[in-house]
Amino acid sequence: MKQKILLLLTVFSLIACKRESKKSSSDWTSISSRIQFKEHDGILELKSGNFSYNFKKDQTPFKKIILLNASMAGYISELGAENLIIGVSSPEYIYSEKIQHLIKEGKIQNVGSDQKYDVEKIISLKPDAIFTNHIASFDNIYELLKNNGIQVIFLDEYMEQQPLEKTAYIKLFGEFLGKEKEAESEYLEVEKNYNDLKKLALTGKERPLVLANEMYGNVWYLPGGNTSVAHYIADANASYILKDNKDEKALTMSFEEVFAKTNGVQYWVNAGSYTSKKEMQKVNSLYGKLEAFNKGKIYTLSGKERQRANDFFESGVVRADMILKDYIKIFHPELLPDYQLTYMKELQ
């Protein structure tokens, strides 16, 4: 689970004017049921899960931020705000070439990992804000940072299961970074692309049966029928084997339980990041018993990987349209004859 953010000085006056026009508004901008924000009386108010925040007009836009999750880096990059990042955790998981370049130049510091954050370095960097998922076991660290005047903002975008709601977090980053107009434009573009692609998928000749994910040890973590994976598959006009399930989390199943549901499966997606079917079967010989392994097509999430970093979990967090496009290309290749997969790769 991991990070994202930029700001141009020339837009400060525009932002100030924009905020003045919002002063009388009491309407919340709802990203999802988990998170809403609004501006009123010079205050930017945020409700994120169980946490509430109030930022005064002189506190934003943020000029120096730290990301403790790689996934958030996708939002920052989409806004062209990489220069606002002064620290990241676990930089080896960040795919962005620009962010990696800034790390090599020393303009972005490594502040540790979710195993052990370098709290002293974080405090010395004096960020305007830290963006992270909330991890209860780190509450003492969060409190220490807050006591040193550092804003710790908890965003749990990874919990969002509707693809476009995950994308919509870019609006919040736009508010924090003075990039409201750019964020809104980016969201509307992704939303339009997504809905156009969804309509295109409905013209597919058939609705193939799909299996997802893989086993870890003796357990298959099969996405519930109300997860983002299930929504992508449905929107790409395919039939997921758990489409009637209502869970927003992965279900733990034995191989035998999954095997019983896979008769007629034509596509197996999100099958890890293996380099070949031979490697996959070497890791787990049970896969060879599946019809999907022997007769179907298998796709991994390794289309944009670089060492330990995978852009599916970075820019893909924002670009729901590109992920959907990949799924449509897989299930209905005739609909996108000239398109090459972005995040996914067929396993040979």
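The rules behind the values
Residues numbered from 1 in each chain as written. Predicted model: local features only at pLDDT ≥ 70, side-chain atom pairs only at ≥ 80, totals over all residues. Heavy atoms only, no water. Helix = DSSP H or I, 4+ residues; strand = E, 2+ residues; numbered from the N terminus. Rg over C-alpha atoms; globule rule 2.2 N^0.38 Å. Buried < 20%, exposed > 50% of the residue type's maximum accessible area, 1.4 Å probe, protein only. Contact = heavy atoms within 4.5 Å. Areas by Shrake-Rupley, 256 points an atom, 1.4 Å probe, with all protein chains shown as cover. Lys, Arg positive; Asp, Glu negative; His and termini not counted. Charge placed at Lys NZ, Arg CZ, Asp CG, Glu CD. Phe/Tyr/Trp six-rings, centres within 6.5 Å; stacked < 30°, edge-to-face > 60°. Lys NZ or Arg CZ within 6 Å of the ring centre and 35° of its normal. Axes fitted to C-alpha atoms, helices over the stretch in contact; angles between N-to-C directions. Parallel < 35°, antiparallel > 145°, perpendicular 65-115°, else oblique. Pairing = 2+ DSSP bridges. Core = buried A, V, L, I, M, F, W, Y, C linked by side-chain atoms within 4.5 Å.

### As for the overall build of the protein
And then number 1: Secondary structure assignment for the protein yields 14 helices and 21 strands.
And then number 2: A compact globule built from 348 residues should have a C-alpha radius of gyration of about 20 Å, and the protein, at 21 Å, falls within 12% of that.
And then number 3: Seen through its principal axes, the protein has C-alpha atoms that stretch 60 × 40 × 35 Å.
And then number 4: Considering the protein as a whole, with its 348 residues, one finds that 54% of them fall into the buried category.
And then number 5: Nonlocal contacts in the protein, meaning residues at least 24 apart in sequence, comprise 64% of its contacts between residues at least 6 apart.
And then number 6: Split by element, the accessible area of the protein, about 16,200 Å² in all, is 49% carbon and sulfur.
And then number 7: Computed over 46 positive and 47 negative side-chain charges, the inter-centroid distance for the protein is 2 Å.

### Here's the deal with the packing of aromatic side chains
And then number 1: Under the defined criterion, the tally for this structure stands at 24 aromatic pairs.
And then number 2: Ring geometry for Phe55 against Phe62: centres 5.8 Å apart, planes inclined by 80°, an arrangement best described as edge-to-face. Of the two residues examined, Phe55 and Phe62, each falls in the buried class.
And then number 3: Aromatic side chains Tyr267 and Phe331 sit 5.4 Å apart centroid to centroid with 70° between the ring planes, which places their arrangement in the edge-to-face category. Placement of Tyr267 in strand 17 (residues 267-269) and of Phe331 in helix 14 (residues 320-331) is noted, with a sequence separation of 64 residues between them.
And then number 4: Given the relative accessible area of 10%, Tyr267 is considered buried.
And then number 5: The class of Phe331 is buried, set by a relative accessible area of 2%.
And then number 6: Following the ring pairs from residue to residue traces out a cluster consisting of Tyr53, Phe55, Phe62, Tyr75, Phe131, Tyr169, Phe173 and Phe176.
And then number 7: If you follow Lys171 out to its NZ or CZ, it ends over the ring of Tyr187, 4.2 Å from the centre.
And then number 8: The ring centre of Phe293 lies 4.8 Å from the NZ or CZ of Lys277, which sits over that ring.

### Things to note about the packing of helix 8 (residues 180-201) against helix 9 (residues 228-235)
And then number 1: Running from N to C, helix 8 and helix 9 point in directions that differ by 55°, and their axes come no closer than 9 Å. The orientation of helix 8 with respect to helix 9, classified from their angle, is oblique. Of the residues in helix 9, those in contact with Tyr194, Lys198 and Ala201 of helix 8 are His231, Tyr232 and Asp235.

### A few points about unusual backbone geometry
And then number 1: Each neighbour pair has its own omega, and for Thr60 with Pro61 the value is 5°, a cis peptide bond.
And then number 2: Even without a glycine there, the phi angle at Asn237 is positive, about 60°.
And then number 3: As for its placement among the helices and strands, Asn237 is situated in the loop between helix 9 and strand 15 (239-240).

### What to know about the sheet that holds strand 11 (residues 151-154)
And then number 1: With respect to topology, five strands assemble into an open sheet ordered 7-6-5-10-11, the strand pairing being parallel. Of all the strands in the sheet, just strand 7 (109-110) and strand 11 have a single pairing partner and so form its edges.
And then number 2: Where strand 6 (residues 85-88) lies against strand 7, two bridges are found, and the strand directions are parallel. Bridge assignment links Gly87 to a residue of strand 7, and that residue is Gln109.
And then number 3: Strand contacts of helix 5 (residues 139-147): strand 10 (129-132) and strand 11, with the helix running at about 140° to strand 11, the strand carrying the most contacts.

### Considerations on the pairing of strand 4 (residues 51-56)
And then number 1: By the bridge criterion, six bridges tie strand 3 (residues 43-48) to strand 4 in an arrangement that is antiparallel. Bridge assignment links Ile43 to a residue of strand 4, and that residue is Lys56.
And then number 2: As consecutive antiparallel partners, strand 3 and strand 4 are separated by two residues, and within that stretch Gly49 has a phi angle of approximately 60°, a positive value.

### Let's talk about the nonpolar core
And then number 1: Counting 107 residues, the largest nonpolar core has Phe131, Ile153, Phe176, Trp220, Trp268 and Phe331 as its most contacted members.
And then number 2: Here this core gets seven residues from one element, more than from any other, and that element is helix 14.

### As for the sheet that holds strand 18 (residues 297-300)
And then number 1: Taken in spatial order, the five strands line up as 15-12-17-18-21 in an open sheet, and their pairing is mixed. At either end of the open sheet lies a strand with only one pairing partner, and these are strand 15 and strand 21 (345-346).
And then number 2: Pairing of strand 12 (residues 209-212) with strand 15 involves two bridges; the strand directions are parallel. In the sheet register, Val210 faces strand 15, and the bridge partner there is Tyr240.

### A look at the environment of Glu39
And then number 1: Along the chain, Glu39 falls in strand 2 (residues 35-40).
And then number 2: On the basis of relative accessible area, Glu39 is assigned to the buried category, the value being 9%.

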